[in-house]
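In case you want the letters, here they are:
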Amino acid sequence: MMETWPKVLIIDDDDIIRVNLVAFFEDENFIVRSAISAETGLQLLCGEPFDVGVIDIRLPGMDGNRFIIKAHEIHPRMKFIIHTGSADYFLPETLAAIGLLPRHVFLKPLKDMRLLIQAVRELIAL
Amino acid sequence: MENHPAKSGFLKTFVLPLNRFGVGNKILFMVLLIFLCYAVGLSLVIGVTSFNNLALVTKNNLERMAGQLSARIVKINSQSVQVALSMETNYIIVQQLQRLVNYGPYYAGDPSQLGRPIEDSEIIYAFQTQMEISKQLHSLQSLNNLNCIGMFLISPFNMVPEAGPALAIFLDQKALYVTRYAWKGNTQDLKTYRIECGKLQFPGPDYFDISSVYALPPEEFYADNRFEMVAGAPESAVLTEPWESSKEPCSKIVFRNDLPVIRTWYPVNVLVANPETFVDAPTPSAVVVVEKVLDGEVLKTLQNDLGVDVGLAFQDTLLITSITKEKSPQALSKNQTLALGERNYYYQAKPVRFSEKGRPDLTAVTMSPISELTALTKTLFFQIGMLTGIAVLVTALLIYFTIHRIVKIPLQGLMNGVRSIAEGDMEYRVHIHSPEDELGTLSSAFNQMGAEISRKSVELEDVNRHLRASIVELRAKESDLSKTKNYLNNIINSMPSVLVGVDSAGLVTEWNAAAEKVTGIPAENARGKALDLVYPGLISQLEEVYKTIQEKKPYKAEKLMSWVNDETRYSDIMVYPLVTNGLEGAVLRIDDVTSRVRIEEMMIQTEKMMSVGGLAAGMAHEINNPIGGILQSVQNIFRRISPDLQQNILAAKEIGMDLGSVRLYLQKREIFAFLEGIRDAGQRAAHIVSNMLNFSRRSHPHCEPTRLDLLLNNTLELAAHDYDLKKKYDFRHIKIVREFANDLPEVPCMPTEIEQVILNLLKNAAQAMMEQNDPLKTPQIILRLRAEGKSAIIEVEDNGPGMEEKIRKRVFEPFFTTKEVGVGTGLGLSVAYFIINNNHQGTMAVDSTPAVGTRFTITLPLSGRAS
């Protein structure tokens, strides 16, 4: 039963954001793992698969974009939501090529995290 | 002084026209003129003299003729005298007279018989004698062409003392009169009988037969011979002349019907026996009377004979002439001329005397018409004239040929020379005819002159060539100059800048087309006027202009503000001193830089926004994360105290706490309100940051063709639902007017952005109208939509309180707001401005009048934006 619950990976270097997102997803009954950097996230991916990743773009070390590509190589079925603070973020071709759409990009500050939940559920349902 | 005009008149009329002719011709002309005058004078003198001479000859001739005429008249008289004298030699008359006197004492022989009636036989006897004498007289009358002839019996030896001439026979050209005594020896009661000449028929020799004639009584006897008794004889048939003293025939002039008549009388002597002695002696027994009328016919005959007009005058009064039939007596004047009919005559008069003593009886007059003389003179004059004319012509010709040879041919040669030189043949030389005279000298001088001219003209030609070249060069330069001038004028007038030239006194010297356009004053009116009069906008700069001229240093003033038609205009003014060519003055260049200033202002505005945008983009990430943390934390807090979440209840139970109590506590301590305060503040900060981020150059979604009317309606609906936000305005109380054009095509734009702009404007309008407290004014927003050229126009107009100019100018500035702190961010209009200007390449403007309203105007290009 527990195994059927979707697993979400949240990567954000900002602690307060990451903690809040984890809390919100847990309250919505998701299995949530979080990482402070892309590199840490990749280690988590090697251990277990995830359904959806909520990824920050500006990260220390490897950035969000590269992480998504790497994660996709490891788990091609894994879906991604981008949650960035860059107002001028532009969805790269490489990400669009693996199925990311503008509506999967959320700009910070995100006032209502239910929107994020809704987007994740949609991706899992696919 | 007075002679002068006459002289000049003469010069003009006669001498000046001569200048056309050559010298030779002139001399000839003058000679001819002199000769002509001479001829005319001569003819006049000859004519007048000849006329006078002719008149003299005529008068002499007339005098001679008058003498002849006088003699002819005397001759006519002597004819009458001859007739009178012929009585004594006429046998029949003498016999009959003797019979009457001697044998028939005829009423008077016996004094005792005096006064007794006369017997019939004696009456008839006397009649017979009268008829015999009448027959003789009749033939004499006819023969001598006499007008009257008569015979009056007188008593010889005065036998009847008181008896006058009686038993008269008188014959004129009309009738025969005979008289008889009524009583013996008594001449009283004479009886007169008359017979017209046409009826007269003298009785034959057998008529006076006793048996036949005497059978009739005397009166019937007269009647038988067609005589009729008349009361008296005519005047001429009465003898009034003094015949007793006349021994010779006498003549005198009497008048009958105003015609002069020569009356001649003569007592005829016959042998009569003296009654005392009975001796026969020649005794006057009867007086014969002859009359000759000098009438027109007589004069006509005389005129024919003498070949001159004749007339007769009595005592200096002209009675009759051969010229006119009318008798118009006129006095003879002393100057020997008289007028008859319509002509004037010369006349000469000579007296006519029938006897040698006493005054002349008549005056013989001869006449000659003056006009004849005049005609004669004219002919003479003409002939003389002709003769003189020919003489003059011949002389003139002679002189002409002389002059021609001596003067004209050399002159002609000289003239040809002059003409040739005039025509350019400088080598022409004149042939010298006679080197000694003046013309010869002139000719050689001329040749010398020709040579000199020839030399000079070569030099002149040289100079001319140089001059021509210079002229061509000058013309080319002039043309260049003119072109340059036009070119410069074109440049000056084509310039959009106002160019004004002034002299040192500040008077306008140059005024270009732009200056005309700006001031509305044409260049010709502006020139020479004071600068401040024709360009009032420059009054503030006048000092600087003078300073520039004095110090010869350029001056520049930028963005000078002025108000034209309630609009702020900006001008740049440059004043350059004129220092070249000693021309004191300056040139002013004035540029209207209003639009440039506006663009600059707009660019500054945009630049400001861009810098804000850049700043926002730079810090967005850093700010958005904490804001996100705040907002998400608050959301998690709310969720984790919510009674709806199963985990919350479980967690509360785990620590032995009731969630409801927790919530009551939180409520009691107003924790929820603080949390909401955190959330609102976070959201506001997020809103500010996101608006600031709008100014950044970020990539835009594509434009899509949009129906603006639908967009506007949609926006109005959104606005209506937005009213309840903090109740600052209420859209339901605002009257919305839509003025949408039907034919607007779809406009390429980003609908959400345009919606955002319109919504912002509507909110501003609504808020502004809430601020005014005029209950009479219904708040109203007019929304207009139309196409204008290549743009779509959206207007949002309210009837709110409007804005002061200083506010209006700043409404698009970021962070500028008139609202209370917390009501607005001061970014709404800036963002709208940025969206329209930057994202859509459109424009956005605001007009506002305090207390009337505000209107925002947005233009969007119809052709899509150029990215």
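Here, the structure is the one placed above.
The structure contained in this document is the topic of the report that follows.

The rules behind these values
Residue positions are counted from 1 within each chain, in the order its sequence is given. Labels follow written order: the first chain is A, the first ligand is 1, and so on. Under the rules for a predicted model, residues below a pLDDT of 70 receive no local features and side-chain atom pairs below 80 are neither given nor counted, while totals for whole chains, interfaces and linings still include all residues. Each helix corresponds to a stretch of at least 4 residues labelled H or I by DSSP, and each strand to a stretch of at least 2 residues labelled E; elements are numbered beginning at the N terminus. Three classes are used. A residue is buried when 20 or more other C-beta atoms lie within 10 Å of its own, exposed when 12 or fewer do, and partly exposed in between, with C-beta atoms placed from the backbone. Here, a strand pair is defined by DSSP locating no fewer than two bridges between the strands. Two residues qualify as a contact pair if the distance between their C-beta atoms, derived from the backbone, is within 7 Å. Any residue that is not Ala, Val, Leu, Ile, Met, Phe, Trp, Tyr, Cys, Pro, Asp, Glu, Lys or Arg is counted as polar, Gly included; the first ten are nonpolar and the last four charged. Think of each axis as a best-fit line through the C-alpha atoms, taken over the contacting stretch in the case of a helix, with angles from 0 to 180 degrees between the N-to-C directions. Nonpolar cores are identified as sets of buried Ala, Val, Leu, Ile, Met, Phe, Trp, Tyr and Cys residues joined via C-beta atoms within 7 Å. An arc is given here, and it is the one of the directions from the helix axis to the C-beta atoms.

1. A few points about the overall build of chain A
Step number 1: Across its full length, chain A holds five helices and five strands.
Step number 2: Reading chain A from its N end, one meets helices and strands in the order β-α-β-α-β-α-β-α-β-α.
Step number 3: Within chain A, the fraction of its 126 residues that count as buried is 38%.

2. A few points about the pairing of strand E12 (residues 337-340) of chain B
All names here are of chain B.
Step number 1: Where E12 and strand E13 (residues 343-352) come together, four bridges link them in antiparallel fashion. Bridge assignment links alanine 339 to a residue of E13, and that residue is asparagine 344.
Step number 2: In this antiparallel pair of consecutive strands, E12 and E13, the connection spans two residues, and glycine 341 shows a positive phi of 60°.

3. Section: the interface of chain A and chain B
Step number 1: Counting from both sides, the interface comprises 19 residues of chain A and, opposite them, 22 residues of chain B.
Step number 2: Classifying every residue of the side of chain A that touches chain B by side-chain character gives nine nonpolar, three polar and seven charged.

4. Structural notes on the environment of Glu28(A)
Residue and element names in this part refer to chain A.
Step number 1: Relative to the helices and strands, glutamate 28 resides in the loop between helix H1 (15-27) and strand E2 (31-35).
Step number 2: Owing to 18 C-beta atoms within 10 Å, glutamate 28 belongs among the partly exposed residues under this scheme.
Step number 3: Glutamate 28 sits 89 residues away from isoleucine 117 along the chain, and the two C-alpha atoms are 8.0 Å apart.

5. Some thoughts on the sheet that holds strand E25 (residues 843-849) of chain B
Residues and elements named next belong to chain B.
Step number 1: As summarised here, the arrangement of the five strands in space is E21-E23-E24-E26-E25, forming an open sheet in which the pairing is mixed. Strands at the two margins of the open sheet, each flanked by one partner only, are strand E21 (735-740) and E25. The average angle at which neighbouring strand axes cross in this sheet is 15°, direction not considered.
Step number 2: Relative to strand E26 (residues 853-861), E25 is paired through seven bridges, and the arrangement is antiparallel. Within the sheet, the bridge partner assigned to alanine 845 lies in E26 and is threonine 857.
Step number 3: Relative to the sheet, helix H19 (residues 751-771) contacts strand E23 (780-788), strand E24 (791-798) and E26, its axis offset from that of E24 by approximately 20°.
Step number 4: Strands in contact with helix H21 (residues 828-840) are E25 and E26; relative to E25, the strand with the most contacts, it is inclined by about 145°.

6. Description of the sheet that holds strand E14 (residues 362-369) of chain B
All names here are of chain B.
Step number 1: One open sheet accounts for six strands, arranged E11-E10-E9-E14-E13-E12; its pairing is antiparallel. Each end of this open sheet is capped by a strand with a single partner; those strands are strand E11 (330-331) and E12.
Step number 2: In this structure, strand E9 (residues 309-314) lies alongside E14, joined through five bridges in antiparallel fashion. Considered in E14, the bridge of valine 310 is made with threonine 366.
Step number 3: In this fold helix H7 (residues 296-306) packs onto E9 and strand E10 (317-321), with an angle of close to 135° to the strand it touches most, E9.

7. Things to note about unusual backbone geometry
Step number 1: The amide bond that connects Lys108(A) to the next residue, Pro109(A), takes the cis arrangement and shows omega of -5°.
Step number 2: Structurally, Pro109(A) can be placed in the loop between strand E5 (105-107) and helix H5 (114-125).
Step number 3: Non-glycine residue Asn257(B) carries a positive phi angle of around 50°.
Step number 4: Structurally, Asn257(B) is set in the loop between strand E6 (250-256) and strand E7 (259-273).
Step number 5: Of note, the phi angle at Asp316(B) is positive, near 65°, even though the residue is not glycine.
Step number 6: Relative to the helices and strands, Asp316(B) is located in the loop between E9 and E10.

8. Comments concerning the nonpolar core
Residue and element names in this part refer to chain B.
Step number 1: Grouped together as the largest cluster of nonpolar side chains are 48 residues, with contacts concentrated most on Leu761, Leu762, Ala765, Val796 and Ala832.
Step number 2: When sequence neighbours within four positions are dropped, the list of residues in contact with leucine 761 reads Val796, Ala832 and Phe856.
Step number 3: Grouped together as the second largest cluster of nonpolar side chains are 43 residues, Val83, Val101, Tyr193 and Phe227 included.

9. Section: H7(B)
Residues and elements named next belong to chain B.
Step number 1: Turning to H7, its buried residues number three or more, namely Val298, Leu302 and Gln303. The arc enclosing the buried residues of H7, seen along the axis, measures out at 140°, which places them on a common side. What points out from H7, more than 90 degrees from its buried face, is the exposed set Glu297, Lys300 and Asn304.

10. Some details on the environment of Ile195(B)
All names here are of chain B.
Step number 1: With respect to the helices and strands, isoleucine 195 occurs in strand E4 (residues 191-196).
Step number 2: A count of 18 C-beta atoms within 10 Å places isoleucine 195 in the partly exposed class.
Step number 3: Along the chain, isoleucine 195 and methionine 229 lie 34 residues apart, while their C-alpha atoms are 9.0 Å from each other.

11. Some points on the pairing of E9(B)
All names here are of chain B.
Step number 1: Where burial is concerned, most of E9 is hidden: five out of the six residues are buried.
Step number 2: With four bridges joining them, E9 and E10 adopt antiparallel strand pairing. Bridge pairing in E10 links phenylalanine 314 to threonine 317.

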